[in-house]
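What follows is each chain in one-letter form.
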Amino acid sequence: MLDISRLNTGRFEIFKEKTDLTKLLSNLAKENESQILAAHSTLVLKLENVELEVDPLRIEQVVNNLFSNAIKYAPSSTIEIGLKENVNSVMMWVKDTGPGISKEFQQKIFNRYEREKSLVAVEGLGLGLYISRQIIEAHGGEITLKSGPGIGATFYIIFNI
Ligand SMILES: Nc1ncnc2c1ncn2[C@@H]1O[C@H](COP(=O)(O)OP(=O)(O)OP(=O)(O)O)[C@@H](O)[C@H]1O
Ligand SMILES: [Mg+2]
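Residues numbered from 1 in each chain as written. Chains lettered and ligands numbered in written order. Predicted model: local features only at pLDDT ≥ 70, side-chain atom pairs only at ≥ 80, totals over all residues. Heavy atoms only, no water.

Visitor: Explain the overall build of the protein to me, please; I cannot follow it from the model alone.
Guide: Helices and strands together make up the secondary structure of the protein, namely five helices and seven strands. Each principal axis of the C-alpha distribution contributes one length, and for the protein these read about 40 × 35 × 25 Å. Sequence-distant contacts, at least 24 apart, represent 70% of the contacts inside the protein between residues at least 6 apart. Accessible surface, the protein: about 8800 Å² in total, of which carbon and sulfur atoms supply 51%. (Helix = DSSP H or I, 4+ residues; strand = E, 2+ residues; numbered from the N terminus. Contact = heavy atoms within 4.5 Å. Areas by Shrake-Rupley, 256 points an atom, 1.4 Å probe, with all protein chains shown as cover.)

Set out below in structure tokens:
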């Protein structure tokens, strides 16, 4: 809730420093591993070596929400976390092979308090992706989603370099 009030009053700041994204992502993968296994999912890492100027705590917050979403909403699936550097961009992704997200819900998924009605039994506030989008946009980047019913969900984060 602290985050949302900061967002609303425009007191939302990011503190960039040179960050080893490979290490950041593999550490988070390790921290989330037991919960992933408890959800009967498998973790796959596809990480290139990439360093970038970002706010490491904010990026951790974004990736942890993507992990927790994959754990909660896509149990018994393969969760892949990836990192790749292209000519003008760095791309990170978190992919699952869960139930996927309907085209209709994809339109609103980054809005505040949006949660899929069929999943209300799973705990959550519907803020994680809203905050994530603010964080990534504050870095000049973009967060997008590719999904469909039955084909899982992949969240992409792209930073321009
Ligand atoms: N990997 C996924 N597969 C299927 N549905 C998802 C996935 N990730 C998110 N969703 C849907 O998007 C909604 C919004 O996600 P978001 O992270 O913003 O909020 P939350 O997880 O419900 O709560 P919070 O993150 O605030 O604890 C979820 O409630 C769920 O309906
Ligand atoms: Mg969430």
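Visitor: I keep staring at unusual backbone geometry and nothing clicks. Help me out?
Guide: Working note: non-glycine residues mostly have negative phi, and peptide bonds are mostly trans. Phi is positive for S76, which is not a glycine, with a value near 55°. For Y113, which is not glycine, the phi dihedral falls at a positive 65°. Along the chain, the position of Y113 falls in the loop between helix 4 (103-106) and helix 5 (128-138). Take Y113: its relative accessible area is 45%, and that puts it in the partly exposed class. (Buried < 20%, exposed > 50% of the residue type's maximum accessible area, 1.4 Å probe, protein only.)

Visitor: Would you explain the site of ligand 1 in this entry?
Guide: Around ligand 1, 19 residues are found, and the nearest of them are N69, Y73, D96, R115 and L129. In this structure, E116 approaches ligand 1 through a main-chain N or O atom, which is 3.1 Å from an oxygen atom. At 2.9 Å from an oxygen atom of ligand 1 is found a main-chain nitrogen or oxygen belonging to L127. In isolation ligand 1 exposes 600 Å². Once the protein is present, 93% of that is buried. Of all the secondary-structure elements, those providing two or more residues to the shell around ligand 1 are helix 3 (56-73) and helix 5. (Near = heavy atom within 4 Å. Polar contact = N/O pair within 3.5 Å; in protein donor to acceptor, adjacent residues only side chain to side chain.)

Visitor: Sorry, what's going on with the coordination of the magnesium ion (ligand 2) here?
Guide: Tetrahedral coordination by four donors sets the ideal angle at the metal to 109.5 degrees; octahedral coordination by six donors sets it to 90 or 180 degrees. Binding of the magnesium ion (ligand 2) to the protein goes through N65 (OD1) and N69 (OD1), at separations of 2.2 to 2.3 Å. Placement of the pair is N65 and N69 together in helix 3, with a separation of four residues, close to one helical turn. (Donors = N, O, S within 2.8 Å, 3.2 Å for Na, K, Ca; no water.)

Visitor: Would you mind showing me how to read the sheet that holds strand 2 (residues 42-47) here?
Guide: Within a beta sheet, neighbouring strands are joined by backbone hydrogen bonds and run either parallel or antiparallel to one another. Taken in spatial order, the five strands make up an open sheet running 2-4-5-7-6, and their pairing is mixed. Every interior strand has two partners, whereas the edge strands, strand 2 and strand 6 (142-147), have only one. Neighbouring strand axes in the sheet, compared pairwise and without regard to direction, differ in orientation by 10° on average. Inspection of the sheet shows strand 2 paired to strand 4 (residues 78-85) by six bridges, in the parallel sense. When the sheet's bridge partners are listed, L45 is paired in strand 4 with I81. Along the sheet face, helix 3 touches strand 2, strand 4, strand 5 (89-96) and strand 7 (153-160) and points at about 150° away from the line of strand 4. Against the sheet, helix 5 engages strand 6 and strand 7, with an angle of about 135° to strand 6. (Pairing = 2+ DSSP bridges. Axes fitted to C-alpha atoms, helices over the stretch in contact; angles between N-to-C directions.)

In short, geometric facts, not functional conclusions.
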